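Coordinate analysis (summary)
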Amino acid sequence: KAGVTQTPRYLIKTRGQQVTLSCSPISGHRSVSWYQQTPGQGLQFLFEYFSETQRNKGNFPGRFSGRQFSNSRSEMNVSTLELGDSALYLCASSDTGGGANVLTFGAGSRLTVL
Amino acid sequence: AQSVSQHNHHVILSEAASLELGCNYSYGGTVNLFWYVQYPGQHLQLLLKYFSGDPLVKGIKGFEAEFIKSKFSFNLRKPSVQWSDTAEYFCAVISGSARQLTFGSGTQLTVLP
């Protein structure tokens, strides 16, 4: 069974640009969550999608958005990039989401903003 | 709101030493608890989880954790560490009807050969 696949793995952008990251969950998993990992703030929850609907959202500005497609693949978008957006963005999938489900993480997309 | 505290930011041990990493959470209701590990250059992997039942749970690679409800703790232990255990360890909690996993700040474990 293939794991969670995130693309691209690395990318470099400049301030003011926007970026789109992609996540393909494990086959059969319908819940996709996104996390931002930085040395200073650790792992912070961005949002969770289930059946194309955002079910939960973390405390991030509106520049951070996401969506989920009918095949459960998800994308997240960051507009008007700031230097502080440099981070490892992690996607995780689970069967239905919620407390009784274990998240399986992808390798992440490392974003550098110059 | 749920929160998780990992008090040890960096732990350095010699091979064969015993390990205990602390984890405390703040939520008075039902919780599910996890330990994840991130080896250098690799993605987060699940070490073990606690949902209910026996408060002593065993995970992969000889790790175990004990859920002590009265202390709001879920400490990770291993009797004898190996150099290959060098990694960052994250405690995480999901509580009640919440759908987001809240992580602690992580503990970097360095095992000296």
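The following paragraphs examine the structure supplied in this document.

Rules used in this analysis
- Residues numbered from 1 in each chain as written.
- Chains lettered and ligands numbered in written order.
- Predicted model: local features only at pLDDT ≥ 70, side-chain atom pairs only at ≥ 80, totals over all residues.
- Heavy atoms only, no water.
- Buried < 20%, exposed > 50% of the residue type's maximum accessible area, 1.4 Å probe, protein only.
- Helix = DSSP H or I, 4+ residues; strand = E, 2+ residues; numbered from the N terminus.
- Pairing = 2+ DSSP bridges.
- Contact = heavy atoms within 4.5 Å.
- Buried area = accessible area lost by both parts, 1.4 Å probe.
- Salt bridge = Lys/Arg side-chain N within 4 Å of Asp/Glu carboxyl O.
- Polar contact = N/O pair within 3.5 Å; in protein donor to acceptor, adjacent residues only side chain to side chain.
- Nonpolar A, V, L, I, M, F, W, Y, C, P; charged D, E, K, R; others polar.

Here we come to the pairing of strand β10 (residues 87–95) of chain B. Residues and elements named next belong to chain B. Extensive coverage of β10 is indicated by the burial of eight of its nine residues. In the sheet, strand β5 (residues 31–38) pairs with β10 via eight bridges, with the strands oriented antiparallel. Counted as the bridge partner of L33 is V93 from β10. Where β10 meets strand β11 (residues 102–103), two bridges bridge the pair, whose relative direction is antiparallel.

To continue, consider the interface of chain A and chain B. Taken together, the 21 residues of chain A in the interface contact 16 residues of chain B. Interface of chain A and chain B: buried area, both sides summed, is about 1,500 Å²; carbon and sulfur atoms make up 59% of it. Where chain A packs against chain B, one counts zero salt bridges. Applying the counting criterion to the chain A and chain B interface returns four residue pairs in polar contact (both at pLDDT 80 or more). Among the secondary structure elements, those contributing two or more residues to the side of chain A that touches chain B are β4 (31–38), β5 (42–50), β6 (53–57) and β9 (87–94) of chain A. Within the side of chain A that touches chain B, the residues separate by chemical class into 10 nonpolar, eight polar and three charged.

This part takes up the pattern of salt bridges. All names here are of chain B. Here the structure, examined in full by the defined rule, presents nine salt bridges over all chains. E64 is paired through a salt bridge with R77; the nearest N and O atoms lie 3.5 Å apart. Within this pair, whereas E64 is found in strand β8 (residues 64–68), its partner R77 is found in strand β9 (residues 73–78), the two being separated by 13 residues in sequence. By relative accessible area, R77 is classed as partly exposed at 23%. Several salt bridges share partner residues, and in doing so they unite K58, E64, E66 and R77 into one network.

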